[in-house]
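# Report on the structure
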Amino acid sequence: MHKQSRTILSTVILGLTSISAFAGRWDDMDYGRFLSATYLNPEGKSTLDGKGCATNKGIAIKLDKEGTATMLFDTDLLRMSGGWTGGFVKLKGVVFDGAHGPNPGPAEKARMIFQTNPGPGWSKGDDLADPRKLPVGTGAAKVPFGPLPSDWAKYKGLFLSGDNVVLTYTVGSAGVLEMPSSTKAGEESLLTRTFNITSKGSGPAHLVVADNIDAPNSDSIDSGTPLGVKDDPANAESRLMIAVVGAPKGSAWTVRDGRVLLKLPAFAGGEAFKIIYSKGAAADGAKFQAAVQGAGEIPKLTELTKGGTPHWPQVVTTKGELNKGGGKGQYVVDHIEPPFENPYKSWIRFAGHDFFKDGSAALCTWSGDVWIASGLDDKLAEVKWRRYATGLHQSLGLKVVDDKVYVLGRDQITRLHDLNKDGEADLYENFNNDVQVTPGFHEFALDLHTDPQGNFYFAKGGPVNPGGSGWGPLGEHNGTILKVSKDGQKLEVFATGVRAPNGMGVGPNGEVTCGDNQGTWVPACYVHLVKSQGEFVGVTDLAHRAEKPTDYTRHVAFLPMDVDNSGGAQFWVTSEKWGPFKGKLFHLSYGQTTMHQMLTESVNGQIQGGAVQFPVKFETGAMRARFSNHDGQLYVSGLRGWQTKGSKDAGFYRVRYTGGPVTMQTSMKVTDKGIHIGFTNPVEEESAKDAENYSIEQWNYRWTSAYGSPEFKVSNPEEKGHDAVEIKSVKLAMDKKSVFLEVPGLQPVMQMKIKMNINAADGTELPNQIVNTINAVGKE
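Report on the accompanying structure.

Rules behind the numbers
- Residues numbered from 1 in each chain as written.
- Predicted model: local features only at pLDDT ≥ 70, side-chain atom pairs only at ≥ 80, totals over all residues.
- Heavy atoms only, no water.
- Pairing = 2+ DSSP bridges.
- Helix = DSSP H or I, 4+ residues; strand = E, 2+ residues; numbered from the N terminus.
- Axes fitted to C-alpha atoms, helices over the stretch in contact; angles between N-to-C directions.
- Polar contact = N/O pair within 3.5 Å; in protein donor to acceptor, adjacent residues only side chain to side chain.
- Salt bridge = Lys/Arg side-chain N within 4 Å of Asp/Glu carboxyl O.
- Buried < 20%, exposed > 50% of the residue type's maximum accessible area, 1.4 Å probe, protein only.
- Arc of directions from axis to C-beta.
- Contact = heavy atoms within 4.5 Å.
- 1 Å grid on protein atoms, 1.4 Å probe; cavity = no way out; pocket = protein on both sides within 12 Å on 5 of 7 lines; lining within 4 Å.
- Points joined across faces, edges and corners; volume = space filled by probe spheres on them.
- Nonpolar A, V, L, I, M, F, W, Y, C, P; charged D, E, K, R; others polar.
- Core = buried A, V, L, I, M, F, W, Y, C linked by side-chain atoms within 4.5 Å.

The next subject is the sheet that holds strand E27 (residues 370-374). Pairing within the open sheet is antiparallel, and its five strands lie in the order E23-E28-E27-E26-E25. At either margin of the open sheet sits one strand with a lone partner, and together these are strand E23 (316-318) and strand E25 (350-355). Sheet twist, expressed as the mean angle between neighbouring strand axes with direction ignored, is 30°. Looking at chain direction, E23 and strand E28 (residues 383-389) are connected through three bridges and run antiparallel. Looking at the pairing, Thr-318 lines up with Val-383 of E28.

Structure representation (structure tokens):
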């Protein structure tokens, strides 16, 4: 790992922990040519205030190698939100310095050249009014979120070619390539926006060039005339200077209510023009005009859409450690050392992974990277890591489909393409960005899965307030599970009412599961199976319904804090090479760094069950799990970013089945006579038949808007504590592969804990407890 030059900081607030991080790690990292994030304006205000360059889905683009000049692009609104000199961005917020509340913004010493206010960056005809609908419901924000309608304008992605970032989008039917850059003309520093129109478009359009200027309204100023407009009330001599080179015939400047627009005729295709910005004093107009004349030719941007020289050619080699520890019996944990020491000082915190057909893996990091790991063979003697992509927006989920990498960010699902086959992504394609994003610091987009039909699924949290209780202003997608069609053209809400669902799962038959973390309307962590589209999962404030639900949804199982205080993903065993658990549902615990088998049953259509801890342990919070088609073993990735027992920033593990008999709990059934517990293999008769080796306790939670819930006795709902449950007798089946705990009179209960101290027939110990939920009691 990188050397610890500073102390580790950790602040606990109502159960939430800020990033356990080395101070300054976020500033040391090379994020690449651009960085996607939610941005504040220079005054620290968000899009909720509607002023300046604040952007919910922003790409900050370095205009030179040193990052001394920057432009910020809005992928929702197709606007250039602002441009500045004096540095790149101020890295504030939970993914960077761990702060709960703020987001990044312009560099600390930024000299703002221009800004535009939140709203469409291009008009539709003459219309510049924001067409997006306001979110509805209690707590809904008073500003719209999400992208413009696709027939108005649509972000398609970006090309990376050497030091150049080329944005690609449509305005109506016209295709647009736009490249932000900076240049020097004599002594003048200029920010430029180069446009190439790649296809014909309908009707005239207005391009928003700058906002918040002080100039009289004018409907038509010759586009060949550079503008010098006052933009700083505190400095009467300050001027924003703007010019356009190569404007299509019929173009004109328009000034409306503090806004500079460039009116453009209908595009025929093939147009190329450049807008130039500078900042100076009122007397500098002549210098600016001279600088514009020397600004150079307008480049052909299509030449920059084929890939360029690699940015990250260095390969980092690490060595894995077989059976390092944390496994018992027939399952061992192999540690695959992450590339902590790397030339780019990339902060490695893995948040998703999947496999290519050749057995190599793609892994995304919370800081926005994708890395490719090869050499994942039996010995792990030489694992090679190559940086594949950078600058993504809190990438917390990844899926490989047909050997293409799809990465889930807070802003969109990005499909990555290596156009020139040099081992790095050159096209960051917007596969789908219909999700709404608010400025809330905690509304992560989490995990990424596909169903058998090829549809994608991910979860989106609510905008949790700093401190963990309650919400910021809500958008339509806060607290939902979202489904995206196989072709990326349609996003729809699949389920509602989740708070902070770090992980989810999609089974081999299309089953959709999720978990959640204790907090507002979540009395304790749980595992839930979504039975049908449109289902409400549990958080009333995020139900997105006209009438709020008045009862909590029944989950597969609640999980007490000592079992799981912060959940990860779920997964089904799909491998034939991983022991006797094929078809079984498992759950990861980020907080406890553990893995649990879910013992499920259906009673009168109601799914319920329990969790039994699998005999493995990880050194990081367990986030995601996938089986490799190459070797049939389970691979788990994780990070340390908020409260967890994990001690390392990142981990990549292989949970390997070594062969031989496995004896564990594998089923449970609750009836009006008692509880049946099944095992994969026979258990030892003497210990299994002894009733003294078993105990049961139970309790309930309260489903309220409070942060979590105390544990209450079933016998007295007003008294905190647990009730002991009498076991009248224990019966061992003749095949010794199941026991029956006689417990007459069982009733539904939110939480039960069954302790057992029994051995397998070969004398090895079994996991000693099951935590379960009873939603319905079946007939014996």
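With respect to the secondary-structure elements, Asn-103 resides in the loop between strand E9 (89-90) and strand E10 (105-106). Among the polar contacts listed, one links the side chain of Asn-103 to the backbone oxygen of Pro-439, at a separation of 2.9 Å.

Now for the pattern of salt bridges. When charged atoms on two side chains of opposite charge get close, those side chains can pair. In this structure the tally under the stated criterion is 34 salt bridges. Residue Lys-154 pairs with Asp-434 through a salt bridge whose shortest N-O separation is 3.2 Å. Taken as a pair, Lys-154 in strand E12 (residues 153-161) and Asp-434 in the loop between strand E32 (427-432) and strand E33 (445-450) lie far apart in primary sequence, 280 residues in all. By relative accessible area, Lys-154 is classed as buried at 15%. Look at Asp-434 and you get partly exposed, because its relative accessible area is 24%. Shared partners join several salt bridges into a network, and the residues in it are Asp-334, Asp-631, Arg-654 and Arg-656.

With that settled, consider unusual backbone geometry. In most cases, non-glycine residues show a negative phi, while peptide bonds are predominantly trans. One non-glycine residue with positive phi stands out, namely Gln-394, at about 50°. Mapping Gln-394 onto the fold places it in the loop between E28 and strand E29 (397-401). When its relative accessible area of 10% is taken as the criterion, Gln-394 is described as buried. Of note in this structure, Lys-421 is not a glycine but carries a positive phi near 55°. Turning to its location among the elements, Lys-421 is positioned in the loop between strand E31 (413-417) and E32.

So, on to helix H2 (residues 285-293). Those residues of H2 not exposed but buried are Phe-288, Ala-291 and Val-292. All buried residues of H2 fall inside an arc of 100° around its axis, so they share one side. Opposite its buried face, H2 presents the exposed residues Ala-286 and Gln-293, each directed more than 90 degrees away. Residues of H2 that are buried make contact with strand E14 (174-185), strand E15 (188-197), strand E19 (238-245) and strand E22 (272-281).

Time to look at empty space enclosed by the protein. Scanning the model with the defined rule gives six cavities of 30 Å³ or more in all. Of the volumes computed, that of the largest cavity is approximately 120 Å³. As for the largest cavity, its lining consists of 18 residues, and the residues nearest its centre are Ala-37, Val-95, Phe-96, Pro-104 and Gln-394. Broken down by class, the residue content of the lining of the largest cavity amounts to ten nonpolar, seven polar and one charged. Here the second largest cavity defines a volume of roughly 100 Å³. Along the wall of the second largest cavity there are 15 residues; nearest its centre are Ser-36, Leu-392, Asp-411, Gln-412 and Thr-414. For the lining of the second largest cavity, the secondary structure elements donating two or more residues are strand E5 (34-39), E12 and strand E30 (404-408). The residue makeup of the lining of the second largest cavity, split by class, is eight nonpolar, six polar and one charged.

Our next topic: the nonpolar core. If you look at the biggest cluster of nonpolar residues, it comprises 92 residues, and the most contacted ones within it are Trp-122, Val-370 and Val-405. In this structure Val-405 touches Phe-356, Ala-362, Val-370, Tyr-388, Leu-398, Lys-399, Val-400, Thr-414, Arg-415 and Leu-416, once residues within four positions along its chain are discounted. If you look at the next biggest cluster of nonpolar residues, it comprises 49 residues, including Phe-614, Phe-627, Ile-758 and Leu-766.

What follows covers the layout of surface pockets. Each pocket or cavity is described by its volume, and for the largest pocket that value is around 930 Å³. Every residue lining the largest pocket is counted, 37 residues in all, and those nearest its centre are Asp-354, Lys-399, Arg-626, Phe-627 and Asn-629. A class-by-class count of the residues in the lining of the largest pocket yields 13 nonpolar, 13 polar and eleven charged.

The quantities given are spatial measurements derived from coordinates; they are silent on function.
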